Amino acid sequence: MPRRLTEAQVAQYRRDGFYFPVPVFSPEEALDLRKRLETFESGQGHVLQGTQRLKTNLLLPWVDRLIRTPQILDAVEDLIGPDILCWSAQFWTKEPKTVDYVSWHQDHQYWGLDSAEVVTAWIALSPATIESGCMRMQPGSHLVQLPHRDLFEKTNMLSRGQTITEGIDEARAVNVILAPGEMSLHQVRIAHASTSNRSDDRRIGISIRYMPPQTRQQLAEWDSAALVRGEDRYGHFVHEPSPEREFDPPCVEFHRKTLTNLVSFLYKDAAGEQKAEYRVEEA
Ligand SMILES: O=C(O)CCC(=O)C(=O)O
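Residues numbered from 1 in each chain as written. Predicted model: local features only at pLDDT ≥ 70, side-chain atom pairs only at ≥ 80, totals over all residues. Heavy atoms only, no water.

(A) Region of the structure containing the sheet that holds strand E8 (residues 174–176). Pairing in this open sheet of four strands is antiparallel, and the strands run E3-E10-E5-E8 from one edge to the other. Pairing within the sheet leaves two strands with one partner each, and these edge strands are strand E3 (102–105) and E8. Across the sheet, the axes of successive neighbouring strands diverge by a mean angle of 25°, strand direction being ignored. When E3 meets strand E10 (residues 192–194), the two strands line up antiparallel, connected through two bridges. Within the sheet, the bridge partner assigned to Val-102 lies in E10 and is Ser-194. (Pairing = 2+ DSSP bridges. Helix = DSSP H or I, 4+ residues; strand = E, 2+ residues; numbered from the N terminus. Axes fitted to C-alpha atoms, helices over the stretch in contact; angles between N-to-C directions.)

This is the structure in structure tokens:
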């Protein structure tokens, strides 16, 4: 029996490669999460940036709690089973009236994870609308691997500006419109993108990547993930610690090590050249 999604919703996810909206937090709870983020940002004097945006569960205790939210995990369990690792929690903030965008891409090509079971829960902390640059998805595109090129454009929010070169039909794209506190779920091979934020508010989302523990990392000797539900009987990923406070020194050190490892393959071009500067932002 599914825990959170109906059988029809699971079937829709398997057919289209994504499903939304799934209510997770009340508007008040979503606002509280947004305030936590923004209080942290004003405290440090700048928005979350660079590697602070990735695996933020190792830096901020409330993000570590967020990746373990039962309402999220129940839906993820319906898709990938009861043993769940969280590979990453990543913030996607587009400031009001800015040009940053996300090109059409499939995550599976770049992450090195060998499983098609990897699922992203994208949680809206502000309105994700057409105007604010919500995600767009091409239904059914998770069933085919589409060709990409790395363009490394400055306004592209992706690590290497990875862009699908053929196979996207804009007319068939679905706008993933979400209210604060709602989430979408997308499969690791789905072709998705988002345009820039033309609204007066920040567009804030957090992508939480979940996978079953049998998944392997193919692009590096080791990798890490947090065990958020059930058991890990495979040991393919080093388990991430939980911070007891903001920028807890052992977790900051772990974050530095695991991000150095990630960046060593996420930011390389096809010829193996490192294309982006890497700096861990520490408070
Ligand atoms: O937030 C966005 O606009 C893009 C997010 C994305 O590409 C992802 O979560 O895989």
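(B) Geometry of the pairing of strand E2 (residues 84–94). Along E2, 11 of the 11 residues are buried, which leaves the element largely enclosed by surrounding structure. Pairing between E2 and strand E12 (residues 224–229): three bridges, direction antiparallel. Looking across to E12, one finds that Leu-85 is bridged to Leu-227. Relative to strand E11 (residues 203–211), E2 runs antiparallel, the two being bridged by nine bridges. Paired with Thr-93 across the bridge in E11 is Ile-204. (Buried < 20%, exposed > 50% of the residue type's maximum accessible area, 1.4 Å probe, protein only.)

(C) Structural context of the packing of aromatic side chains. For the coordinates displayed, the defined rule picks out four aromatic pairs. Aromatic side chains Trp-87 and Trp-111 sit 5.1 Å apart centroid to centroid with 45° between the ring planes, which places their arrangement in the tilted category. Here Trp-87, found in strand E2, pairs with Trp-111, found in helix H5 (residues 108–111); they are 24 residues apart in sequence, far enough to count as distant. When sorted by exposure, Trp-87 lands in the same class as Trp-111, which is buried. Above the face of the Trp-92 ring, Arg-53 is positioned so that its terminal group lies 5.2 Å from the ring centre. Here the basic side chain of Lys-257 rests over the ring of Trp-222, its NZ or CZ set 4.8 Å away from the ring centre. (Phe/Tyr/Trp six-rings, centres within 6.5 Å; stacked < 30°, edge-to-face > 60°. Lys NZ or Arg CZ within 6 Å of the ring centre and 35° of its normal.)

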